[in-house]
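Structural characterization, general
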Amino acid sequence: MLKTLVLAAGRGTRLKSNTTKVLHKVFDKPILSWVLDGLADLDQEEIVVVCGHHSEEVKDFLHAYPVTTVDQEIQMGTGHAVMCAAHLFEEFEGTVMVVNGDSPLIRSETLSEMYSYHKQAESNMTLLTSFLDKPGGYGRIVRRNNSIIGIKEHKDCSEAEKTIREVNVGVYCFEWQLLKEGLSKLKSNNAQEEFYLTDLVEWAYCQGLNINNYILNDPREALGVNNRKDLALVYKLKNKHSLEQLMDNGVTIIDPDSTWISPDADIGPDTVIYPGTFIQRRVSIGSNCVIGPNAVIHGPVEIGSNSSVVQSHISRSSIGDHCNIGPYAHIRDGSDIRTGVRVGCYVEVKNSNLGDGTAAAHLSYLGDADIKSNVNVGAGTITANFNSFTGEKSETVICSGASTGANSVLIAPITVNESASVAAGSVVTKDVPENMLGIARPRQEIKRLPGAKV
Ligand code: UD1
Ligand code: CA
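Residues numbered from 1 in each chain as written. Chains lettered and ligands numbered in written order. Predicted model: local features only at pLDDT ≥ 70, side-chain atom pairs only at ≥ 80, totals over all residues. Heavy atoms only, no water.

Things to note about the coordination of the calcium ion (ligand 2)
Bound to the calcium ion (ligand 2) on the protein side are Asp 102 (OD) and Asn 226 (OD1), at distances that span 2.3 to 2.4 Å. Placement of Asp 102 in the loop between β6 (95-100) and α4 (108-120) and of Asn 226 in the loop between β11 (211-215) and α8 (228-248) is noted, with a sequence separation of 124 residues between them. Overall, Asn 226 belongs to the partly exposed group, its relative accessible area being 21%. (Donors = N, O, S within 2.8 Å, 3.2 Å for Na, K, Ca; no water. Helix = DSSP H or I, 4+ residues; strand = E, 2+ residues; numbered from the N terminus. Buried < 20%, exposed > 50% of the residue type's maximum accessible area, 1.4 Å probe, protein only.)

Pasting the structure below:
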């Protein structure tokens, strides 16, 4: 029987931020969410999260997760955080796995393997440890005759202890009924005047309990986020892993050093990603696409196959097969672009549908518009969707086979019916009927220039 306890109450002073540490994001997803993903595969009865600093925001975020929360109103250290949750495990006869909420790189496989090892070794306490070349900042695993006798926090280490390379990663399996008593024995007479959870190890050793460690295969998983440099490193490592997986799956990444793709992106084979591309989470792209250079895509976004997105920005929209987007297009939230659509240079599309075969090739603003199939949107067409007096937004409908001339302004609400046309330079305020031409511009006059010779 297993329950997990995530410590997420700390402020993260070293980040120097108004946002609490565990809500800092990597690929648009809070650190805490990455940590919870790592727990997802464990066969556990309950996940408990200790909240403290900015607890309301953390709890709001946790609403989407099946977790129990508990408060640590004043943050007096990791040992104190566990004490605040202890009443929830009072009668629990199994293992409590305690996980630091600021270690987003630990994989779910690692946690499952560690738990299996803990059970198989009939361990009373198992620590996740790693060997680091530069162990600065981490708690050191102190051994005597090879047995673990304690953890020394970096700030409390002697010079000799600082040379120990084996560190505490911040994940522990505790046989709860054997270890809970030790929590009440923790003291705060240390460099940080906190109740360290790590002091439980020495207590357990003195009780003669069976303490073991499980070593990380990949020491990079040990990284805990304490400052902005750690955050940048987490971003880099998540990205590296994500790009490697995509390349293994048949995606060409021309320059991994200048390409950023969220690990949850799904990209089909033979798609080529050009340099300078940034793909945030929840993006799916089909096969044989060309993305970039310099494409920015904020999910949720779905792009079909055989499409291109060049030097463009797309957010929360869907794009079909055989589309050409950009260069310099801006596809904003809520847009649905179907098959074989062209959205060209300096075209902004917001909350609009563009049907099959439609083209808006140059210099347009299409907002709150329902544009059906095979429409030709002329250069410089503007849907005037916003009434600045009432503050209301209205819809423009352009039916199949219609076209708008260059520099036309469609004052919404308005409909251009099937196969109708709007003449270039028109400001149209009334619906244009099927197969008709709407023309709304002053007639051209020809006048003699003053003083001109006949
Ligand atoms: C901790 C360990 C250290 C280990 C390192 C691994 C202790 C005393 N030290 O140090 O041995 O090498 O993690 O990354 O545990 N937290 C609370 N309440 C508090 C204080 C912290 O919930 O009162 C939470 C934080 O939000 C964080 C986690 O506990 O998620 C770890 O706290 P942090 O202050 O980052 O500990 P480290 O100094 O990194
Ligand atoms: Ca930390």
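Digging into the sheet that holds strand β14 (residues 266-267)
Strand order in the open sheet formed by nine strands is β14-β17-β20-β23-β26-β28-β30-β33-β36, with parallel pairing between adjacent strands. A single partner strand is all that each edge strand has here, and the edge strands are β14 and β36 (414-416). (Pairing = 2+ DSSP bridges.)

Quick look at the domain arrangement of the chain
Often, the extent of an interface is quoted as the loss of accessible area upon association of its parts. By domain assignment, the chain separates into domain 1 (2-222) and domain 2 (228-438). Computed from C-alpha atoms alone, the centre-to-centre distance between domain 1 and domain 2 is 45 Å. Domain 1 puts 14 residues into the contact, and the matching count from domain 2 is 16 residues. Summing both sides of the interface, domain 1 and domain 2 together bury roughly 1400 Å²; the carbon and sulfur share of this comes to 69%. (Domains from an automatic or database assignment. Contact = heavy atoms within 4.5 Å. Buried area = accessible area lost by both parts, 1.4 Å probe.)

Considering the side chain of Asn 124
For Asn 124, the location among the structural elements is in the loop between α4 and β7 (125-131). Those residues in contact with Asn 124 that lie beyond four places of it in its chain are His 118, Cys 173, Phe 174, Glu 175, Leu 178, Leu 179, Leu 209 and Asn 210.

As for the site of ligand 1
Contacts to ligand 1 come from 23 residues, most closely from Gln 72, Gly 77, Thr 78, Glu 153 and Asn 168. Within the backbone of Gly 77, a nitrogen or oxygen atom sits 2.8 Å from an oxygen atom of ligand 1. A distance of 3.1 Å separates an oxygen atom of ligand 1 from a polar backbone atom of Gly 101. Calculation on ligand 1 without its partners gives an accessible area of 750 Å², and the protein chains cover 92% of this total. Of all the secondary-structure elements, those providing two or more residues to the shell around ligand 1 are β1 (2-8), α3 (78-85) and β10 (166-175). Of the residues in the shell around ligand 1, the class split is eight nonpolar, 11 polar and four charged. (Near = heavy atom within 4 Å. Polar contact = N/O pair within 3.5 Å; in protein donor to acceptor, adjacent residues only side chain to side chain. Areas by Shrake-Rupley, 256 points an atom, 1.4 Å probe, with all protein chains shown as cover. Nonpolar A, V, L, I, M, F, W, Y, C, P; charged D, E, K, R; others polar.)

Structural notes on the pairing of β1
For β1, the tally of buried residues reaches seven of seven residues, placing the bulk of the element in the interior. Side chains Leu 2, Thr 4, Val 6 and Ala 8 project from β1 onto one buried face, and the interleaved Lys 3, Leu 5 and Leu 7 project onto a second face that is buried too. Inspection of the sheet shows β1 paired to β6 by six bridges, in the parallel sense. Its bridge partner being in β6, Leu 2 is matched across the sheet by Thr 95.

Some points on helix α2 (residues 55-62)
Given 3.6 residues to a turn, an α-helix orients residues that are three or four positions apart in the same direction. Listing the buried residues of α2 in full gives Ser 55, Val 58, Lys 59 and Leu 62. Taken down its axis, α2 places every buried residue within 100° of arc, on the same side. Away from its buried face, by an angle of more than 90 degrees, α2 presents the exposed residues Glu 56 and Asp 60. (Arc of directions from axis to C-beta.)

Observations concerning the side chain of Ser 242
Summarising the element assignment, Ser 242 is placed in helix α8. What makes Ser 242 buried here is its relative accessible area of 3%. Ignoring anything within four residues of it in the chain, the contact list for Ser 242 reads Ile 261, Ser 262 and Pro 263.

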